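# Fold and geometry: a report
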Amino acid sequence: MTITTAGTNTEDIAYHYDLGNDFYALWLDETLAYTAAKWDGIPRGEPDALALPRAQRAKLDHHLDLVGADPGAGLRLLDIGCGWGAMLEHASRGGRAAGITGLTISRAQHEFLTARALPGVEARLESWEDHEPARPYDAVVGMGSFEHFATAGMSRAERLGVYARYFEACHRWLRPGGRMSLQTIAYDGAADGSGPLGEFVGSDIFPNARLPRLSEIAAACDPYFSVVALTASAEDYARTLASWSARLLRAREEAERLVGAEGYRRYRRYLRGSEVTFLRGAATLYRIGFRRRDEPLRLPA
Ligand SMILES: C[S@@+](CC[C@H](N)C(=O)[O-])C[C@H]1O[C@@H](n2cnc3c(N)ncnc32)[C@H](O)[C@@H]1O
């Protein structure tokens, strides 16, 4: 089966996400969410074992609120880039969606999700670029996958082309009036991934991935969606990374057993370095809510 992706290729996805489900479970919290949590109102002194899952569930609820997935509404929901299933489980358990489809292009994640067999959930080893649903969805969410849709070698025009295809596809899959949400890291300020830390992350952690800028997302979505909510919080990612990093430190012995001393050091450097990137304002985190336009707009080039 072929997996089509103009962005991060399947080998580079496997290099990162197939490093070992047990390794990621060591330092992610019980939800297995691998994107920034939402920390509003969670006191700094609250024990991490309670605080991180609470902040992750607050993030998941925020996205479900953005797409109007009220309990009992029975929405058909698509999660693009579903990871180890944090949203799939949360939406299914909380009765906030009735039929849930998750897409991932990581084989390890897909095997994990297949074994989990969450009720009302279909996990597919499939790129959004190959997805063709039999029926329209009521809502679409995507958290932490958009960063993989373009590669470092692409020009701005090429990135805009891929992003526009993404929004066009989501528009096609949604019913009239359907809602969508997106959570993504983006460059802020003048940063574009150059510099020692950016180069380390781009070669040793996330090869062949490229962050968007807000202006690119805005230009690409405009014909298909109107933006109904937008928040930016570099702090949310910095605090999540600090929590992951501390958990990995506490689990050092087991982590080294699973991925070796070099793997452990690499991940500690990535988590701590990325925290600094957010604290310095070189990158930020956006959460964006969209409403589908009835007809795509024809905008001047
Ligand atoms: C950082 S993880 C985020 C996982 C999950 N959304 C969460 O919040 O825990 C990125 C996910 O995007 C997926 N992904 C990357 N490129 C993709 C593509 N072209 N189509 C579908 N999923 C993709 C990866 O397989 C992975 O599951």
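Our subject is the structure listed above.
Only a predicted model underlies this, so the values are computations on that prediction, with no experimental measurement involved.

This part covers the packing of aromatic side chains. Across all of its chains, the model carries 30 aromatic pairs by this definition. Measuring from ring centre to ring centre gives 5.4 Å for tryptophan 128 and phenylalanine 149, while their planes differ by 50°; the resulting arrangement is tilted. Taken as a pair, tryptophan 128 in the loop between β3 (121-125) and β4 (137-143) and phenylalanine 149 in the loop between β4 and α6 (156-173) lie far apart in primary sequence, 21 residues in all. Overall, the relative accessible area of 6% leaves tryptophan 128 in the buried class.

Another aspect to go through is the site of the ligand. As a matter of local geometry, the ligand sits amid 21 residues, with Tyr34, Thr35, Gly81, Gln109 and Met143 nearest to it. The side chain of glutamine 109 places a nitrogen or oxygen atom 2.7 Å from an oxygen atom of the ligand. Contact distances for the ligand include 2.7 Å between a nitrogen atom and a backbone N or O atom of methionine 143. The fraction of the free accessible surface of the ligand (600 Å²) that becomes covered by protein chains is 98%. Looking at the shell around the ligand, the elements that each hand over two or more residues are α1 (10-17) and β2 (99-104). Each residue belonging to the shell around the ligand can be placed in one class, and the counts come to 10 nonpolar, 10 polar and one charged.

The next point concerns the sheet that holds strand β5 (residues 174-187). The strand order β3-β2-β1-β4-β5-β7-β6 describes an open sheet built from seven strands, whose pairing is mixed. Among the strands making up the open sheet, the edge pair consists of β3 and β6 (225-232). Adjacent strand axes in the sheet meet at a mean angle of 15°, parallel and antiparallel pairs treated alike. Judged from the seven bridges that link them, β6 and strand β7 (residues 283-292) form a sheet pairing that is antiparallel. Each bridged residue has a counterpart across the sheet, and for alanine 232 the counterpart in β7 is tyrosine 286. Across the face of the sheet, helix α3 (residues 48-66) comes into contact with β1 (76-80), β4, β5, β6 and β7 while running at roughly 140° to β5. Against the sheet, helix α4 (residues 86-93) engages β1, β2, β3 and β4, with an angle of about 175° to β2.

To continue, consider unusual backbone geometry. One non-glycine residue, leucine 32, adopts positive backbone phi at about 65°. The topology assignment puts leucine 32 in the loop between α2 (21-27) and α3. Judged by relative accessible area, which is 13%, leucine 32 ranks as buried. Look at alanine 117: it is not a glycine, yet its phi comes out positive at around 45°. Inspection of the secondary structure puts alanine 117 in the loop between α5 (107-116) and β3. When its relative accessible area of 57% is taken as the criterion, alanine 117 is described as exposed.

Turning our attention to the side chain of serine 243. Relative to the helices and strands, serine 243 is located in helix α9 (residues 234-250). In this structure serine 243 comes out as buried when scored by relative accessible area, which is 5%. A distance of 2.6 Å separates a polar atom in the side chain of serine 243 from a polar atom in the side chain of aspartate 48. With sequence-adjacent residues up to four places away left out, serine 243 is seen in contact with Trp39, Asp48 and Leu52.

Consecutive side chains along a regular strand alternate between the two faces of the sheet. With 10 of 14 residues buried, β5 is to be regarded as a mostly interior element. Looking at chain direction, β4 and β5 are connected through six bridges and run parallel. Its bridge partner being in β5, alanine 139 is matched across the sheet by arginine 179. Crossover β4 to β5 through α6 is right-handed. Note: β5 against β7, nine bridges, orientation antiparallel. By the bridge assignment, tyrosine 187 is partnered in β7 with alanine 283.

Counted at 1.5 Å a residue, the expected span for α9 with its 17 residues is 24 Å, and the 25 Å between its end C-alpha atoms agrees. Burial analysis of α9 places 12 of its 17 residues in the buried class, which makes it a mostly covered element. Those residues of α9 lying buried are Ala234, Asp236, Tyr237, Ala238, Arg239, Thr240, Leu241, Ser243, Trp244, Ser245, Arg247 and Leu248. Of the surrounding secondary structure, the elements contacted by the buried residues of α9 are α2, α3, β5, β6, α10 (252-280) and β7.

Orientation of α3 relative to α4, taken along the N-to-C sense of each, is 70°, at an axis distance of 10 Å. Taken together, α3 and α4 sit at an angle that is classed as roughly perpendicular. Where α3 approaches α4, its residues Arg57, Leu60, Asp61, His63 and Leu64 are matched on the opposing element by Ala86, Met87, His90 and Ala91. In terms of residue class, the contact of α3 with α4 is built from five nonpolar, two polar and two charged.

Rules and cut-offs
- Residues numbered from 1 in each chain as written.
- Predicted model: local features only at pLDDT ≥ 70, side-chain atom pairs only at ≥ 80, totals over all residues.
- Heavy atoms only, no water.
- Phe/Tyr/Trp six-rings, centres within 6.5 Å; stacked < 30°, edge-to-face > 60°.
- Helix = DSSP H or I, 4+ residues; strand = E, 2+ residues; numbered from the N terminus.
- Buried < 20%, exposed > 50% of the residue type's maximum accessible area, 1.4 Å probe, protein only.
- Near = heavy atom within 4 Å.
- Polar contact = N/O pair within 3.5 Å; in protein donor to acceptor, adjacent residues only side chain to side chain.
- Areas by Shrake-Rupley, 256 points an atom, 1.4 Å probe, with all protein chains shown as cover.
- Nonpolar A, V, L, I, M, F, W, Y, C, P; charged D, E, K, R; others polar.
- Pairing = 2+ DSSP bridges.
- Axes fitted to C-alpha atoms, helices over the stretch in contact; angles between N-to-C directions.
- Contact = heavy atoms within 4.5 Å.
- Right-handed = clockwise from strand over helix to strand, strands pointing away.
- Expected span 1.5 Å × (residues − 1).
- Parallel < 35°, antiparallel > 145°, perpendicular 65-115°, else oblique.

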